[in-house]
Amino acid sequence: MLRNSLIGSLRQIKPILCSQSLRSLSNGANSGLTTIEVDDKSGIATLSMNLPPVNTLTLNLMHDLIDSINQIECNKSRGLILTSSNDKVFSAGLDLKELYKPDQERLKEFWTIFQDLWLALHLCGIPTAAAINGHAPAAGCIMATACEYRVMLPDFVIGVHATRFSFLVSKWMMLSYQSVLPRRIVERALNQGKLFSTQEALEVGLIDEVAGSKKEALAQCAAFIGTFDKANPIARTLTKRMCRDSDVTELLRDRAGDLRACVDYINTPLFQEGLSAHLEGLKEKK
Ligand SMILES: CCCCC/C=C\CCC/C=C/CC(=O)SCCNC(=O)CCNC(=O)[C@H](O)C(C)(C)COP(=O)(O)OP(=O)(O)OC[C@H]1O[C@@H](n2cnc3c(N)ncnc32)[C@H](O)[C@@H]1OP(=O)(O)O
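Since this is a predicted model, take the numbers as computed values, not measurements.

Criteria and cut-off values
Residues numbered from 1 in each chain as written. Predicted model: local features only at pLDDT ≥ 70, side-chain atom pairs only at ≥ 80, totals over all residues. Heavy atoms only, no water. Buried < 20%, exposed > 50% of the residue type's maximum accessible area, 1.4 Å probe, protein only. Helix = DSSP H or I, 4+ residues; strand = E, 2+ residues; numbered from the N terminus. Arc of directions from axis to C-beta. Contact = heavy atoms within 4.5 Å. pLDDT = per-residue confidence, 0-100. Pairing = 2+ DSSP bridges. Salt bridge = Lys/Arg side-chain N within 4 Å of Asp/Glu carboxyl O. Near = heavy atom within 4 Å. Polar contact = N/O pair within 3.5 Å; in protein donor to acceptor, adjacent residues only side chain to side chain. Areas by Shrake-Rupley, 256 points an atom, 1.4 Å probe, with all protein chains shown as cover. Nonpolar A, V, L, I, M, F, W, Y, C, P; charged D, E, K, R; others polar. Phe/Tyr/Trp six-rings, centres within 6.5 Å; stacked < 30°, edge-to-face > 60°. Right-handed = clockwise from strand over helix to strand, strands pointing away.

Restricting attention to buried positions, one finds in helix α6 (residues 183-192) the residues Ile185, Val186, Ala189 and Leu190. Projected down its long axis, α6 carries its buried residues within an arc of 120°, all on one side. Turned more than 90 degrees away from the buried face of α6 sit Arg183, Arg184 and Asn191, all of them exposed. Next to the buried residues of α6 lie α5 (171-178), β8 (196-197) and α7 (198-204).

Moving on, we come to the confidence of the model for the protein chain. Mean pLDDT over the protein chain works out to 91, with 90% of the residues at or above the 70 mark. Note that residues 1-27 has pLDDT below 50 and, in this model, 63 contacts with residues that lie over four places away or in other chains.

Moving on, we come to the sheet that holds strand β6 (residues 150-152). Here we have 6 strands laid out as an open sheet, ordered β1-β2-β3-β4-β6-β9, and mixed in their pairing. What marks the edges here is a single partner per strand, and that holds for β1 (34-38) and β9 (209-210). Sheet topology note: the strand β3 (residues 79-84)/strand β4 (residues 128-132) ladder contains 3 bridges and is parallel. By the bridge assignment, Ile81 is partnered in β4 with Ala129.

On to the pattern of salt bridges. Pairs can form between side chains of opposite charge once their charged atoms are near each other. A complete count under the given rule lists 11 salt bridges for this structure. Here Asp229 ties to Arg78 by a salt bridge, and the two come within 2.8 Å at their closest N and O atoms. In this pair, Asp229 sits in the loop between α8 (214-226) and α9 (233-252) while Arg78 sits in the loop between α2 (59-74) and β3, placing the two residues 151 residues apart along the sequence. Relative accessible area serves as the criterion here: at 51%, Asp229 is assigned to the exposed category. Owing to a relative accessible area of 35%, Arg78 belongs among the partly exposed residues under this scheme. When the shortest N-O distance is used, the salt bridge between Glu200 and Lys194 registers 3.4 Å. Classification of Glu200 by relative accessible area gives partly exposed; the value is 32%. Each of Glu148, Arg236 and Lys240 takes part in salt bridges that share partners, so that together they form one network.

A word on the sheet that holds strand β5 (residues 136-137). Reading across from one edge, β5-β7-β8 is the order of the 3 strands in this open sheet, with mixed pairing throughout. Looking at the sheet topology across the chains shown, the edges are occupied by β5 and β8. Pairing geometry for β5 and strand β7 (residues 157-159), over 2 bridges, is parallel. Counted as the bridge partner of Pro137 is Gly159 from β7.

Taken together, 28 residues form the shell around the ligand, and within it Ala92, Leu94, Leu96, His278 and Lys285 come nearest. Separating a nitrogen atom of the ligand from a backbone N or O atom of Ala92 is a distance of 2.9 Å. Taking His161, its side chain carries an N or O atom lying 3.4 Å from an oxygen atom of the ligand. Look at the ligand: alone it shows 1200 Å² of surface, and the protein chains cover 78% of it. At the level of secondary structure, the elements contributing two or more residues to the shell around the ligand comprise α10 (255-266) and α11 (269-284). Looking at which element gives the most residues to the shell around the ligand, the answer is α10, with 4 residues. Residue composition of the shell around the ligand, grouped by class: 19 nonpolar, 5 polar and 4 charged.

Attention shifts here to the packing of aromatic side chains. Tallied over the entire structure, the rule returns 9 aromatic pairs. Ring plane angle 55° and centroid distance 5.4 Å describe the contact between Phe114 and Trp172, whose orientation is recorded as tilted. Placement of Phe114 in helix α3 (residues 104-122) and of Trp172 in helix α5 is noted, with a sequence separation of 58 residues between them. We note that Phe114, like Trp172, is buried. Ring geometry for Tyr265 against Phe271: centres 5.8 Å apart, planes inclined by 70°, an arrangement best described as edge-to-face.

Counting buried residues in β4 gives 5 out of 5 residues, a clear majority hidden from the surface. Covered by surrounding structure in β4 are Thr128, Ala130 and Ile132 together with Ala129 and Ala131, the residues of both alternating faces. Once you follow β3 into α3 and on to β4, the crossover reads as right-handed. Pairing analysis gives 3 bridges linking β4 to β6, with the strands arranged parallel. Bridged to Ala130 within β6 is Arg150.

As structure tokens, this is what we get:
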């Protein structure tokens, strides 16, 4: 709902018709795969992904994330921290099972909701930060880069390793990565299929800080959100959208074209064979 209004006019202040009262953050119509906790003192909302074992982005989890982001914005929270209830994995990225020999209509729905989630995070009017308390490969990394700040715990990996399995990424996914890292590093990392360790991610600037524990990561994210206290919230939101306008427009100008290209690519033998080998590799790990 919110996203549609933004798609109409990116520069407008979102015409939110939110009737919910502050802090009444129930998970209403969603599947309960996310939880929202609002800190009474700071007014900052922590949004946790809670889909065991590894927070794969299924249709339901993506739906719940979008719903939760909308709720948090509507309830005038001061900021949003995205994190995971799992202490080893932030998110394993897209649900690979949805991409293997897919039902064509469901695949379209799946890719469209992934586009929606990316837009929801990119256009979120309030300050956003990711407390990356576990591995964040592929779309897990893309979600983190859609936030404004990233704090990560040691000894995990983050990055877009798509080429390792003959996957490609859409241009808007690359732009997210490129909004955080210099283009030459993105080009190399994407082509290599590189997963950065926490320390490497800090050194290249993919993350902003390292934290010793989840509690510290949440505190560091909250401190970042606090840095906007002197900014007028409406001016801040409009400025954020202006800064992100070209990346968002890249997707919005031809969402249907992106969907077609992705569906076509996912159906190729090259993609399906790479995916099959990757799924086998995940099984054999055990
Ligand atoms: C021009 C047009 C452009 C065309 C582009 C179009 C489309 C291309 C699509 C490209 C999109 C890319 C974005 C993505 O996000 S794709 C997803 C990539 N993600 C991964 O490869 C992550 C794989 N997972 C892991 O590496 C590990 O699971 C881990 C996250 C490091 C966690 O390790 P660990 O804690 O040891 O857990 P397990 O490995 O044992 O996993 C537990 C369980 O979960 C299953 N699983 C893991 N990840 C996924 C996944 N992404 N999807 C589905 N299932 C997953 C794993 O198989 C285990 O299952 P079992 O317990 O049943 O064995």
